[in-house]
Every structure is written in C-alpha cells, then in structure tokens.
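# Understanding the architecture of this molecule
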Amino acid sequence: MSQQKIAAPKGVSEYTPPRSSAFEHVRNCLIAPASKAGYQLIELPVFEDTELFKRGVGESTDVVSKEMYTFEDRGGRSITLRPEGTAGVMRSVIEHGLDRGQLPVKVWYSGQFFRAERPQAGRYRQFYQVGIEAIGLDDPAIDAEVIAIADAGFKALGLKQYRLELTSLGDAQSRSAHKVDLLKFIATLQLDEATAARAAINPLRLFDDKREEMKKAMADAPLLINYLSDASREHFATVTKYLDALGISYQLNPRMVRGLDYYTGTTFEFVHDLLGAQSGIGGGGRYDGLMEQLGGQSLSGIGFGLGVDRALLAAEAEGVIGQEAFASDLFIIPLGDVAKLQALTIASELRVKGKRVEVAFGDRALKGAMKGADKSGATYVIVLGESEMSSGTVELKEMKSGASTSVKIVSLFEALNK
Ligand code: HAM
C-alpha cells in the first residue's frame, strides 16, 4: 500500500529549483551593499526566550499579542520562534559585550522569521528577511546611510516601481507631548474593548488600524510629526538633507507607525506598487531605547529588515529577474569516457577562475544532452569528442544566437570573457 504524502505546514514559503536560484539572486542583491559598507555577519538562533520579544517588540503589537509561535521546550522554558531580528541582535550584542568595543556595532543578518499571520500572497508564516543594525551612534548621517544601503539593494536587483516613505517618531520628549493630546483625542472615540486595550498600552497603534471606520475616526488625530522636540526636528531635517544629497527620493508619511513598538525618531518603509495588499518590501528605523529596555546600556540604534520573499515577487512583477542572472556560463557535453575526464578538468579549472560551468554526465545521446544545455539556460555550450580532444579546439556555441566560433581549449576562459 502506498503511504500518504505529507505536505508542508500551511503558509510557509519555500523555494525549489529553478525559482530558488532567483531567490538566491534576490537575497544576494539585497545584502551585498551592507558588507560593502562595513557591516559584518551576525548569525543568531531562530528561537529565543519568549520574554525577549515581549519586552523588545512590545505587547501592544499584533506580532507579540497574536502572531508568535510560542511553545514550552522540554525543560519547561517558554521559547518563541523569532518573529523579527532586531531584538535578538540586541540580546546578542549585550550578551557578548560588543557594545563595550568599537562603536557603532554594525551587523547584517539573513534568515527565516516566523509570524502566525493569515497566509496570503506575499504574507507567509515563515518568511525571509535580510537586515542590518547599526548600534551606538545617533548621528543623522548613519540614518541616511542605512536607508541608502536598503535602497542600493533594491536598485541592484533592478527594482524601479517602489517608493520610500519616511517620518520621525521623535524622542521621548516629543512622544510624551504628543501622547497627552492623542489620549485626549482618543477619549472622544467609541472604541471596542480590544482596541481600547491596545490604545492603553500604545495609543500610536490606532494609526495602524486597517479598518475603514478606524481610519475615518483617526483622520483628525493629532500627528506626532507636529510635536517633535527641537532636537528631533533638527535630526530629522538633517536626515532628509543627506537623502536629498544622495539623490534618494522619499515621501513624508506622518501617519506611519510601524508594527513594532521599539521605534523612535527616523522611521521608514519601502513600498512596492505592484504587490497589492502586502506591498511593504522593507522597513526600519531608529530604536533608541531598546538596548536599555533589554537590560543593556543606553545606546541608540537604527536598522532595517527587507522582505526577500516580497522583493522576489516584486522583481518578478517588474520582469527584472531573468535566468541570465544565475545560469551557467558554460555547459560541456563530453562524448565518451576520456572526454568526460577532460570535461571535468576543464570545468574545475574554469570554476577556479570564477566561471559557472556545468557538465552533462550520464552518457546521454548528443540530442538529449543539447536539450539539457538549452534547459539549463547556460550562455555557451561546447561538445567535447575525440576530434576536439585531438585537435585541442572546440566549437564554442552561443546558445541564444546559435553562433559558434572555434576556440582553443586552453583559451576557453578568455573566450568566455569576450
Ligand atoms: P517589519 O516591517 O516587521 O520590520 O518586517 C520587515 C519586512 O519583512 C517587511 O517590510 C516585509 O517585507 C517582510 N515581512 C514581514 N512580515 C512578513 C510576512 N508575514 N510574510 C512575508 N514577508 C514579511 C522588522 O521586522 C524589523 N525588525 C526591521 C528593523 C530592523 N527595524 C530596525 N531594524
């Protein structure tokens, strides 16, 4: 009797060939600008003490109150699969004393994150982010640099139809001045119990309510941007000045509140025009009180998380992701055992020099092997038979045009570079 098949859990994103190559390409594009700017890899556990997210991300957020994958481990500890990356980075930086060394601490990360959301296109229960965090510097120039790094990743991928939304959530002084008026305003609204409870923990959350009646109710609510302290206003003005100088365009969105409670000051989101409801392809901002809240010293921080799954969907929607980006440079078809041996040698030499080379094994007939070459999307193909080996010359065929040129085997590398 045949066994029943087992399916993946509902709502997870997974990538199998050939689309996994596109995914890899997207992830590499998004993270490359960070290492070029001196950020170093931080590799963290995917599960943490539940308390970290409760305290770090905030109990008024949907992420903590409704979406965490929390369970008790065999030792009776409450464990949560990480819903985001910033809290874990802070935990690790404090635990390993990185904040006692050279500042800012600049790290990047990439991996799976988990939120028990209702799955839909672009919204998954396990999804991928690449992110960076810069800790211990409150110079507005680093805000601009962090935003520029995210933007460079999207540009490297070839995305065009996205915009950057920007605001400032101010410092503690700005927020407490605003909170007085916001609470007065909220007291005039008829709120259901759950919403009132959320507002009591963090009244800013009401700006994030997606229900039409709430959007209407909040239309005249006082905006934090009008309550910025002098220091916060100046910081934000300097960030926008730097962004202008870098040629990075943005739209001010004073109603933006992000889905996590730790944000302060400069806050931003990248929104893609072709993705429908799940249009946020990345977001981030300052979190100047977070380290202290997690038991560390009082250091500021800023960072972002970019959604790799959504960036892939965006790249596909814009048609900017072609197989060329990750296909092999050369596909070798050996005919017979001796040729197979030489094909292996040629391939490994070219790979050492940085070329992507595939060899057709399995003694398929030439026609079938050519089909394989075609399917692989490789740029060039060569057939290696007895006559090629004895003359030391192959026909280098460009797959797209069908044009071929005679090339000495020893000069293949140079020919591929032409
Ligand atoms: P976030 O906005 O919650 O920020 O997530 C960042 C990005 O992850 C989103 O813009 C989106 O592209 C992607 N994302 C979030 N949830 C899902 C989902 N369910 N399915 C697919 N993609 C998703 C953070 O997580 C912060 N830690 C970013 C940050 C770093 N802020 C400062 N430093």
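An account of the accompanying structure is given in this report. (Residues numbered from 1 in each chain as written. Predicted model: local features only at pLDDT ≥ 70, side-chain atom pairs only at ≥ 80, totals over all residues. Heavy atoms only, no water.)

## Considering the pattern of salt bridges
Put simply, the rule reads: The term salt bridge refers to a side-chain nitrogen of Lys or Arg lying within 4 Å of a carboxyl oxygen of Asp or Glu. Only protein chains enter the accessibility calculation, which uses a 1.4 Å probe. A residue is then buried if its area is under 20% of the maximum for its type, exposed if over 50%, and partly exposed in between.
Per the counting criterion, the structure on display carries 22 salt bridges. The closest approach of N and O atoms between D209 and R211, which form a salt bridge, is 2.8 Å. Exposure remark for D209: the relative accessible area of 7% places this residue in the buried category. Residue class for R211 comes out partly exposed when judged on its relative accessible area of 32%. Through salt bridges with shared partners, one network takes in D192, R198, D209 and R211.

## A few points about unusual backbone geometry
Note the cut-off: Secondary structure elements are taken from DSSP: a helix is a run of H or I of four residues or more, a strand is a run of E of two residues or more, and numbering for both begins at the N terminus.
Cis geometry marks the peptide bond from P17 to P18; its omega dihedral reads 5°. Looking at the element boundaries, P18 is found in the segment before α1 (19-36). In this chain, L103 is followed by P104 through a cis amide linkage whose omega measures 0°. Mapped onto the secondary structure, P104 falls in the loop between α4 (86-95) and β5 (105-114).

## Brief notes about the site of the ligand
What counts, and what does not: We call a residue near a molecule or strand as soon as one heavy atom of that residue lies within 4 Å of the molecule or strand. Within 3.5 Å is the distance limit for a polar contact, defined as a pair of N or O atoms, with the added protein rule that one can donate a hydrogen and the other accept it, and that residues adjacent in sequence qualify only through two side-chain atoms. Areas reported as accessible are Shrake-Rupley estimates using a 1.4 Å probe. Residue values count occlusion only from the protein chains shown. Put simply, Ala, Val, Leu, Ile, Met, Phe, Trp, Tyr, Cys and Pro go in the nonpolar bin, Asp, Glu, Lys and Arg in the charged bin, and everything else, Gly too, in the polar bin.
Taken together, the neighbourhood of the ligand is formed by 28 residues, with E84, E117, E133, Y263 and G280 sitting nearest. Contact distances for the ligand include 3.0 Å between a nitrogen atom and a side-chain N or O atom of Y262. Burial of the ligand by the surrounding chains reaches 95%, relative to a free accessible area of 670 Å². Looking at the shell around the ligand, the element that brings in the most residues is strand β10 (residues 280-286), giving 6 residues. For the shell around the ligand, the per-class residue count stands at 9 nonpolar, 12 polar and 7 charged.

## Describing the sheet that holds strand β15 (residues 393-398)
Either a parallel or an antiparallel arrangement is found when strands of a sheet pair, and the pairing is made through backbone hydrogen bonds. Keep this limit in mind: In this description, strands pair whenever DSSP reports at least two bridges between them. Helix axes are fitted only over the stretch in contact, all axes being lines through C-alpha atoms; the angle between N-to-C directions runs from 0 to 180 degrees. In this description, contact between two residues means that some pair of their heavy atoms is separated by no more than 4.5 Å.
On the basis of which strands lie adjacent, the open sheet formed by 5 strands has the order β13-β12-β14-β15-β16 and mixed pairing. Here the strands that pair on one side only, and so sit at the sheet edges, are β13 (357-359) and β16 (404-408). Within the sheet, the average angular offset between the axes of one strand and its neighbour, ignoring direction, is 25°. Both strand β12 (residues 330-334) and strand β14 (residues 380-384) contribute to a ladder of 5 bridges, which runs parallel. Each bridged residue has a counterpart across the sheet, and for P334 the counterpart in β14 is L384. Here helix α13 (residues 366-376) sits on the sheet and contacts β12, β13, β14 and β15; the angle it forms with β12, its principal contact strand, is near 170°.

## A word on the pairing of β14
Burial analysis of β14 places 4 of its 5 residues in the buried class, which makes it a mostly covered element. As paired strands, β14 and β15 are joined by 2 bridges and run antiparallel to one another. Residue V381 lies in a different strand from β15, and its bridge partner there is K397.

## With respect to empty space enclosed by the protein
It is a probe the size of a water molecule, rolled over the atoms, that shows where empty space is left. Selection criterion: Note on definitions: the grid is 1 Å and covers protein atoms alone; a cavity is a set of points where a 1.4 Å probe fits but cannot get out; a pocket is an open set with protein on both sides within 12 Å along at least five of seven lines; lining residues have an atom within 4 Å of a point. Grid points are joined across faces, edges and corners, and a volume is the space filled by probe spheres set on the points.
Summed over the entire model, instances satisfying the criterion amount to 2 cavities of 30 Å³ or more. Estimates place the volume of the largest cavity at around 90 Å³. Considering the residues around the largest cavity, the lining is formed by 13 residues, among which L44, P45, R82, Y109 and F113 are closest to the centre. Here the element with the most residues in the lining of the largest cavity is β5; it accounts for 3 residues. Partitioned by chemical class, the residues of the lining of the largest cavity number 6 nonpolar, 3 polar and 4 charged. Within this model, the second largest cavity holds a volume of roughly 40 Å³. L169, L204, F207, L223, L224, P254, R255, M256 and V257 are the residues that line the second largest cavity. Residue composition of the lining of the second largest cavity, by class: 8 nonpolar, no polar and 1 charged.

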